[in-house]
Every structure is written in C-alpha cells, then in structure tokens.
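Summary of the model geometry
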Amino acid sequence: MTSTRIVVVGAGYAGVTAANRIRARAGSDVTVTMVNPIPEFVERIRLHQHAAGADPATRPLAEMLHRDVEVIVGSADAIGDREVVLADGTVVAFDRLGYAVGSGPGGGVPGVEHAHTVSSLDGSIGLRDALDRARPGAVVTVIGGGLTGIETAAEIAERRPGLVVRLLSSGVLAPGLSGGGRDAALRSLDRLGVDVREHTAVTRIEPGELTVAGGGTALCDVAVWAGRFVVPDLARRSGLPVDEQGRLRTDETLTVVGRPDVVGVGDAVAPPERVAHHLRMSCQAAIPLGVHGADTVLARLTGREPKPLSIGMTLQCVSLGRADGVVQVVRRDDSPRQLVLRGRGGAWVKERICRGTVGLIAKYAGFHRGMPGPKPQSERVGVSA
Ligand SMILES: Cc1cc2nc3c(=O)[nH]c(=O)nc-3n(C[C@H](O)[C@H](O)[C@H](O)COP(=O)(O)OP(=O)(O)OC[C@H]3O[C@@H](n4cnc5c(N)ncnc54)[C@H](O)[C@@H]3O)c2cc1C
C-alpha cells in the first residue's frame, strides 16, 4: 500500500497544530513530515521576555510534536510540483503540503537594519546582548506602539531599571484597545518609568540617532523596531498566488486556488476577506487556522467536502512586565468591548494563556476549535459582497 505524504513547512503555532492534528487523526497510510530550520519550537509570544532577560523561549520540537511526525531540519527554498526544495538542495516529495512559515520582523523606515527586534529568535538574542552591553543610563527606544512594542518596552523597563526606556508610536498607543484598556496600559507604562511619546513617527534610524517626522532627532543607544510583521517570500518565489503583503492566497477552506494539494495556515496566509477580515497576525488566530487547515486536509483524505473558515477572536492580552497586564475582551470580529481586566489579574490571565497555548497545540492538538467567527461579510446587513 502506498502512503499519502503530508509535509508541513514551518513549526510555529499553526504548523505544529496542523501536523499534530493530522497525525493524530489520519490513518496509518498517511505520513506526516515537518520541515523547520531548527529542531526547536520558538515560543514567539515570549520573545520580548527572553530579550529582556528571561529564560530561553524555545522547546525541543520533539516535546511539541506527535511522536510519529518526522522532522527534517532545513529551510524550504522553493515549492514546486509535489516537491519542496530545501536550501541545502534536499528534495522532499509530498502529496499534500501545509504552508505555515509564519512572519518575522518587517521593514518600513530607512536604516531599520540598525534596530533590534523581538520578532524572531535571532532578533531577541541580539537585543538581549545589546541590553547586556548597554551602560547605565543608556537610552533604549522601542519604535512601534502596538501590543508587541508595549510589551517589549514594559519588560525591558521592569528587568533593566538602570536603562532609560522610550516608546514611540506614530499614532495613538494600542489603537485596537478600548479607551479603558489604553488608559490602563498608559498608566502601567508610566509606573514602570517608560517615556511614551504618541504621534511620533520615526522616519530614519541611524546608529545612535533617530529622526522623527518633522525633522527632529533623538539620541538612542539601543533601537528596537516593533513595527508590523512581514511574511517570508517563499510563496511568491515559488509562483504561488499571494496578496500585496506576500501572504499565500487561499480560498475559504484554506486551500490554495488552483493547487488543491496546498493548504495554508497561520500568519503567512491570506484567506478571503469575507471570512478573515478580522484576523490579525496572532497566535490566537494561528492555532485555530492550524486546526482548520488540518481538518481541510483530513476531509479531502476521506473524500468529504472541507468546511469554510469561521474563527472568532476573544481577547487582546498585553503583558506589562511580570506583575501587570491588560486583558481586553473583544467581539468575535476583534473590536473591543468595554470589559477590561487590568493589574495583577491581567498579568495572571495572560501568563495562564501563554502556558496553556503550548499544552493546547502539543502532541495531538485535538481539542481546540475556538469560537465561531463573525458572520461572513456579505451576510451582514448593509454590507455588500
Ligand atoms: C514578542 C511577541 C509577542 C507576541 N505576543 C502575542 C500574544 O500575546 N498573543 C498572540 O496571539 N500573538 C502574539 N504574538 C504574535 C504571534 O507570535 C504570531 O502571530 C504567531 O507566532 C504566528 O504563528 P505561525 O505559526 O503562523 O508562525 P510562527 O510562529 O512565526 O512560526 C513559523 C515557523 O516557520 C518557520 N519557517 C519560516 N520560513 C521557513 C522556511 N522557508 N522553511 C521552513 N520553515 C520556515 C519558522 O522558523 C517558524 O518556526 C507575539 C509576537 C511577538 C514577536
């Protein structure tokens, strides 16, 4: 009997979830192989903690994956017809492919290469080294007032009290939070001594100096870029359909149009707006996307019709150091409600979620379906297709 070869590229939250779920649920005539550049799972949602001085945010992949998932350590360089070519020339044949390469640090301003990042493991190691070398009183400037920038500034301020920490945001801080959530985050940052400057867009980064819109400059010993994430260009390079950000375009089942053998999950994919307009790049979305992608593959293996995507968001969680946090309750479409948990309670919930995430996706990834999504856009009153 010939087996069906399923290959998943990228062992992040979405890829690990998908590989484990397929392996746990498919028959013995299916093989599942994971391709990842390192034999470790990177807990990206903890990289700001690691950069500031906490324990490594990695776990052996063997701890995370179902024991019957084979691991190939390597980086996919091209996806062809039923084969993935790795950077070292190895060819990995597949019958069905899971595309789960995630996201990483983005560009956005000239000189961004002079800034550190918490978006990748290498980035967080580099930032940690820079913080270790920084003299007392050195200025650390975090650029980007989204959730990652806020968490990073707070974590550094708490763990490195000898440094001056600034947080620059081109608009208001954390625009996705409610007024109450934002106020709570601002108060906490103030308590930690973070110098927050809203409506301050950085236009150029040079070693030791930042230029802001309007032409002013500011001294900066360690710059940290916390702008939006960008995706690898593997799909584009491989001639697969992508959106303007380079994310793999899929249909509502997460299948690539014209390539029924390729399913995409996680940050690196762009399902139709109709069902995915509200999904921000997040582990919160990546896990149910991994579940859904796995279910699409499993359905096709058994001749069933895969279902359309329906994922609801529930929370936006921001850690503000280890003893403070903001947990913002959101509607299924990710818009904020007025309900906010702050302070120690917020920190406790966020920490429980981070810990729970690993258990949720490890080995079987069998239990998590998540909330159903909001009504698809064309079905909502007053919204045309
Ligand atoms: C500091 C920080 C804090 C965060 N906090 C939160 C939070 O509190 N809540 C939340 O929901 N989200 C949070 N996020 C966002 C979240 O981490 C990402 O959205 C999530 O990791 C996306 O999961 P993924 O599986 O799509 O991709 P990733 O986790 O990025 O994994 C992608 C995997 O693919 C691999 N890969 C890439 N290219 C290749 C290739 N060519 N060949 C083989 N493998 C490849 C990568 O090495 C990686 O292992 C945070 C992110 C950061 C950086």
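Residues numbered from 1 in each chain as written. Predicted model: local features only at pLDDT ≥ 70, side-chain atom pairs only at ≥ 80, totals over all residues. Heavy atoms only, no water.

**Section: the sheet that holds strand S15 (residues 209-212)**
As a reminder, the rule being used: Pairing between two strands is assigned when DSSP locates at least 2 bridges connecting them. A run of H or I in DSSP counts as a helix once it spans at least four residues, and a run of E counts as a strand once it spans at least two, with each numbered from the N terminus. Axes, fitted as lines to C-alpha atoms, cover a helix only where it is in contact. Angles between the N-to-C directions of the axes lie from 0 to 180 degrees.
Strand order in the open sheet made by the three strands is S14-S15-S16, with antiparallel pairing throughout. Each end of this open sheet is capped by a strand with a single partner; those strands are strand S14 (202-206) and strand S16 (217-219). The sheet shows a mean angle of 20 degrees between the axes of neighbouring strands, taken without regard to direction. As paired strands, S15 and S16 are joined by three bridges and run antiparallel to one another. Of the residues in S16, the one forming a bridge with threonine 211 is threonine 217.

**A short note on the sheet that holds strand S1 (residues 4-9)**
Strands sit in the order S5-S2-S1-S9-S21-S20 across an open sheet of six strands; the sheet is mixed. Here the strands that pair on one side only, and so sit at the sheet edges, are strand S5 (69-73) and strand S20 (255-256). For S20 and strand S21 (residues 259-264), the ladder comprises two bridges, and the chain directions are antiparallel. Across the sheet, the residue bridging to valine 256 is arginine 259, located in S21.

**A short note on the packing of aromatic side chains**
Each aromatic ring pair is summarised here by two numbers: the centre-to-centre distance and the angle between the ring planes. We apply this condition: Under the pairing criterion, centres of Phe, Tyr and Trp rings, with the six-membered ring standing for Trp, must be within 6.5 Å; the plane angle then separates stacked pairs below 30 degrees from edge-to-face pairs above 60, leaving the rest tilted. Here the term buried applies to any residue with accessible area under 20% of the maximum for its type, exposed to any over 50%, and partly exposed to those in between, with areas from a 1.4 Å probe on protein chains only.
Following the criterion strictly, the structure yields one aromatic pair and no others. Between tyrosine 13 and phenylalanine 41, the ring centres sit 5.1 Å apart and the planes meet at 80 degrees, which makes this aromatic pair edge-to-face. With tyrosine 13 in helix H1 (residues 13-25) and phenylalanine 41 in strand S3 (residues 40-42), this pair connects stretches of sequence that are 28 residues apart. Of the residues examined, tyrosine 13 reaches a relative accessible area of 8% and is grouped as buried.

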